[in-house]
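Structural characterization, general
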Amino acid sequence: MAHVIVITNQKGGVGKTTTAVNLSACLAASGVKTLLIDLDPQGNATSGIGLDKNNLEFTLYDVLINETLMANVIYETQVENLHIVPSDKHLAGAEVELVDVPRRENRLRDTIEPIRDRYEYIIVDSPPSLSLLTVNGLAAGDSVLIPLQCEYYALEGLSELLQTIILVRDNVNPALKLQGVLLTMYQRTNLSRQVIEDVRAHLGEKVYQTVIPRNVTLGEAPSFGKPVIHYDAHCAGALAYLALTEEILAHN
Ligand code: ATP
Ligand code: MG
């Protein structure tokens, strides 16, 4: 049965998608069968892995709203062992349409169930909100990975997110765990170092040892539709995501 990791933070631009795409690709490179689910109407994970999001026959929207089977919306990627369930802007409509669906918080969980035994890991990329889509991600997850950007406001909004996780645990998914907190976009500045110290003091061993540096190559790779290990395997960003993957595989 796949372990489902949901990558979430309602703050925008903290590295959720970069982490979802690159963790998925590094897991796949270790020979682990992996499915990436794009739960964001921006479709950045979809294009970042090399699919044309303006030209998709079926997307996650069809699974959540039109009763299309998840199995029929799984696409292969250029990466061996890595499949994706893509999304595009239509998913924004699901936010509203889901309100009238029975078991609306469990829609993603229910639709993943039939394909769950095909993979070892399922990685879910969430939108920057605490919306019904995000709640669907949390309800479907075994664990949550929270990226935090190494900047002054890193911890802002975190208590709200942790509160949402508690609500989801209490109401729909009692088994949901905090997988870990990942520090991203680290720069060699006093501010970055200070943020790391504060976050570690606050969250202790929940913070991964691996810190993702700010690395231009990580920002470039998506425009070529490639995970960084298939774009420049030796850059600092690639090495960091490989280290994160080892850390996760060692602890799960
Ligand atoms: P959103 O909330 O909009 O979904 P996000 O949390 O998914 O954003 P990303 O899209 O992963 O964040 O990252 C935001 C931007 O920063 C992107 O342009 C991405 O390429 C870039 N980026 C992410 N991580 C790094 C990094 N470690 N070094 C340099 N650039 C990065
Ligand atoms: Mg994103």
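Predicted model only: the values in this text are computed from it and were never measured. (Residues numbered from 1 in each chain as written. Chains lettered and ligands numbered in written order. Predicted model: local features only at pLDDT ≥ 70, side-chain atom pairs only at ≥ 80, totals over all residues. Heavy atoms only, no water.)

The next thing to look at is the overall build of the chain. Of regular secondary structure, the chain possesses 10 helices and 8 strands. In terms of overall size, the chain behaves like a compact globule, its C-alpha atoms giving a radius of gyration of 17 Å where 252 residues would be expected to give roughly 18 Å. If one aligns the C-alpha atoms of the chain with their principal axes, the spans along those axes are about 50 × 40 × 30 Å. Taking the intrachain contacts of the chain between residues at least 6 apart in sequence as the baseline, contacts between residues at least 24 apart amount to 77%. Carbon and sulfur atoms make up 50% of the accessible area of the chain, which amounts to about 11300 Å² in all. (Helix = DSSP H or I, 4+ residues; strand = E, 2+ residues; numbered from the N terminus. Rg over C-alpha atoms; globule rule 2.2 N^0.38 Å. Contact = heavy atoms within 4.5 Å. Areas by Shrake-Rupley, 256 points an atom, 1.4 Å probe, with all protein chains shown as cover.)

Attention now moves to the site of ligand 1. Taken together, 18 residues surround ligand 1, and among them Lys16, Thr17, Thr18, Pro213 and Asn215 come closest. Between an oxygen atom of ligand 1 and a side-chain N or O atom of Gln42, the distance comes to 3.2 Å. Asn215 is positioned such that a nitrogen or oxygen atom in its backbone is 2.9 Å from a nitrogen atom of ligand 1. Protein chains shield 79% of the accessible area of ligand 1, which is 630 Å² for the free molecule. A class-by-class count of the residues in the shell around ligand 1 yields 6 nonpolar, 8 polar and 4 charged. (Near = heavy atom within 4 Å. Polar contact = N/O pair within 3.5 Å; in protein donor to acceptor, adjacent residues only side chain to side chain. Nonpolar A, V, L, I, M, F, W, Y, C, P; charged D, E, K, R; others polar.)

Attention now goes to a nonpolar patch on the surface. A cluster of nonpolar residues, Tyr152, Tyr153 and Leu191, forms a patch on the protein surface that exposes about 380 Å² of accessible area. For Tyr153, the position within the fold is in the loop between β6 (143–149) and α7 (158–171). Accessibility expressed as a relative area gives 47% for Tyr153, which makes it partly exposed. (Patch = residues over 30% accessible without salt bridge, like charges linked within 9 Å, V, L, I, M, F, W, Y side chains within 5 Å. Salt bridge = Lys/Arg side-chain N within 4 Å of Asp/Glu carboxyl O. Buried < 20%, exposed > 50% of the residue type's maximum accessible area, 1.4 Å probe, protein only.)

Quick look at helix α6 (residues 132–140) now. For α6, the buried fraction is high: 9 of the 9 residues fall into the buried class. Buried within α6 are the following residues: Leu132, Leu133, Thr134, Val135, Asn136, Gly137, Leu138, Ala139 and Ala140. Its buried side turned inward, α6 meets β1 (3–7), α3 (60–65), α4 (91–97), α5 (107–112), β6 and α7.

According to the stated counting rule, one finds 2 aromatic pairs in the structure shown. With a centroid separation of 5.1 Å and an interplanar angle of 25°, the aromatic rings of Phe224 and Tyr231 are classed as stacked. On the accessibility criterion, Tyr231 (30% relative accessible area) is partly exposed. (Phe/Tyr/Trp six-rings, centres within 6.5 Å; stacked < 30°, edge-to-face > 60°.)

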